[in-house]
Structures are given as structure tokens and as C-alpha cells.
Amino acid sequence: MENASHEVSHQSPLDGRYVQIEKLEWASFPEGLCEGPIKWKLLNVSPETGAWTAIFDCPAGSSFNRHVHIGPGEYFLTKGYMEVRGGDNDGGSTAIAPGYGYEPCNAQHDKTYFKEDSEFYMTFLGPLNFIDEDGNTLALVTWQGAQTAWEMK
Ligand SMILES: [Fe+2]
């Protein structure tokens, strides 16, 4: 389905950008990167910094597959409940909306799990490296990769 967000003018480092979020259609987050029907909206990419920003809709029981944050990231859980790095009971963080979190460079998230229907906004200051159990790269999601996945939906 065509989406007006596919215009690429926001890839210019000199351009600002504004997105009316509810006017973007949700897209399925790429298979292989998550379990369950997670949806997302890519809000921005920033070629000058390598950053990308998205909002995610994560139904109860869904999760993101194992990944490493090559750069730091900040999130705002606007709805629901998210277990990061195992959650509070396993040395990680349990986010309950409204909640903010910072994940540093090289943070490894073996499973980011949503116990309830949840939604969060996140800016990634660099790629996400999706890995297997041995640390081998399965998919390196750069801002370009995120843009491509968004355009292919
Ligand atoms: Fe993560």
C-alpha cells in the first residue's frame, strides 16, 4: 500500500521534519526480527548521525529477537509493559507506561518481551545488530535498512 511517508526529503541533513503520527499507516515489522505481529511506523532517519526513529505497536506476548544496539538508544513506553534484558527479575529493566529508558552502546537484548498490548517510541543512534545464539550477525539494521524495510512494506 502506498504511503505518503515514502518521500525521502527528510534524508537531507538540512531539512527538519514533522510527522502527524496517526496519519501514517502501521506496517508489519519485518519477519525474522520479532515474534508475534509487531507493527511499526518509521518516523525519521538521520543520515548525518546514523540515527533512526520509530514507534512500535507490540501486542501482548510479542517480542523482539536477540539484538545488540551498536549505538545507544532512548525509548518512551507510551502504553503497556515491556521487559528489557530479562526485566527487573532477571537483572534488566521492566518498563511500565509511561516509562522512559536509555540503553547504552553495545547493550545486548536477548529478548524484549511485551506482557501486555504495548506501544513505544524509540530513537536508535546507530544500527541494531540482530544476532544468533553464538553472536553471529543475522541482520544489521542501519538507518538505510530501516528506510528500505519501510519503503518495501
Ligand atoms: Fe533493544
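Residues numbered from 1 in each chain as written. Predicted model: local features only at pLDDT ≥ 70, side-chain atom pairs only at ≥ 80, totals over all residues.

A.B. asks: Looking at this structure, how should I read the overall build of the chain?
C.D. replies: Check the secondary structure of the chain and you find 1 helix and 15 strands. Over its C-alpha trace the chain gives a radius of gyration of 15 Å, about what one expects of a compact globule, namely 15 Å for 153 residues. Each principal axis of the C-alpha distribution contributes one length, and for the chain these read about 45 × 30 × 25 Å. Each of the 153 residues in the chain was classed as buried or not, and the buried ones make up 27%. (Helix = DSSP H or I, 4+ residues; strand = E, 2+ residues; numbered from the N terminus. Rg over C-alpha atoms; globule rule 2.2 N^0.38 Å. Buried ≥ 20, exposed ≤ 12 C-beta atoms within 10 Å, placed from the backbone.)

A.B. asks: Just checking my understanding: could you explain the sheet that holds strand β4 (residues 51-58) for this structure?
C.D. replies: Pairing between sheet strands relies on hydrogen bonds along the backbone, with the strands arranged either parallel or antiparallel. Taken together, 6 strands build an open sheet; the order of strands is β1-β3-β4-β13-β7-β10 and the sheet is antiparallel. Edge positions in the sheet fall to β1 (27-28) and β10 (99-103), since each has one partner strand and no second. Alignment of strand β3 (residues 39-46) against β4, held across 7 bridges, turns out to be antiparallel. Within β4, the position partnered with Asn44 by the bridge is Thr53. Across the face of the sheet, helix α1 (residues 143-152) comes into contact with β1, β3 and β4 while running at roughly 135° to β3. (Pairing = 2+ DSSP bridges. Contact = placed C-beta atoms within 7 Å. Axes fitted to C-alpha atoms, helices over the stretch in contact; angles between N-to-C directions.)

A.B. asks: What should I look at first to understand the environment of Met82 in this one?
C.D. replies: You can see Met82 is positioned in strand β8 (residues 81-84). In this structure Met82 comes out as buried when scored by C-beta crowding, with 27 C-beta atoms within 10 Å. Between the C-alpha atoms of Met82 and Gly50, which are 32 residues apart in sequence, the distance is 25 Å. Not counting chain neighbours up to four residues away, the residues in contact with Met82 comprise Leu77, Ala95, Thr112, Phe114, Ser118 and Phe120.

A.B. asks: Sorry if this is basic, but what is going on with the pairing of strand β15 (residues 137-141) here?
C.D. replies: The side chains of a regular strand alternate, residue by residue, between the two faces of the sheet. In terms of strand pairing, strand β14 (residues 128-131) meets β15 through 4 bridges, oriented antiparallel. Residue pairing for β15: Leu128 is matched across the bridge by Val141. Connecting β14 to the next strand, β15, in antiparallel fashion are 5 residues, including Gly135 with a positive phi near 90°.

A.B. asks: What is the right way to read the nonpolar core from this model?
C.D. replies: In this structure, Ile38, Trp40, Leu42, Trp52, Phe56, Met82 and Ala146 are the most contacted members of the largest nonpolar core, which totals 27 residues. For this core, the elements supplying multiple residues, two or more each, are β3, β4, β7 (73-79), β8, β12 (112-114), β13 (118-125), β14 and α1. Discounting residues that sit within four places of it in the chain, Phe56 has contacts with Phe29, Ile38, Trp40, Glu119 and Phe120. (Core = buried A, V, L, I, M, F, W, Y, C linked by C-beta atoms within 7 Å.)

A.B. asks: I tried to follow the pairing of β13 on my own but got confused; where do I start?
C.D. replies: Where β4 and β13 come together, 8 bridges link them in antiparallel fashion. Within β13, the position partnered with Ala51 by the bridge is Leu125.

A.B. asks: Looking at this structure, how should I read unusual backbone geometry?
C.D. replies: Note: most peptide bonds trans; most residues except glycine with negative phi. Cis geometry is adopted by the peptide bond preceding Pro98, which originates at Ala97 and carries an omega value of -5°. Tracing the sequence through the fold places Pro98 in the loop between β9 (93-96) and β10. A positive phi angle, close to 55°, is found at Arg85, a residue other than glycine. Summarising the element assignment, Arg85 is placed in the loop between β8 and β9. At Asn106, a position not held by glycine, the phi torsion is positive, near 70°.

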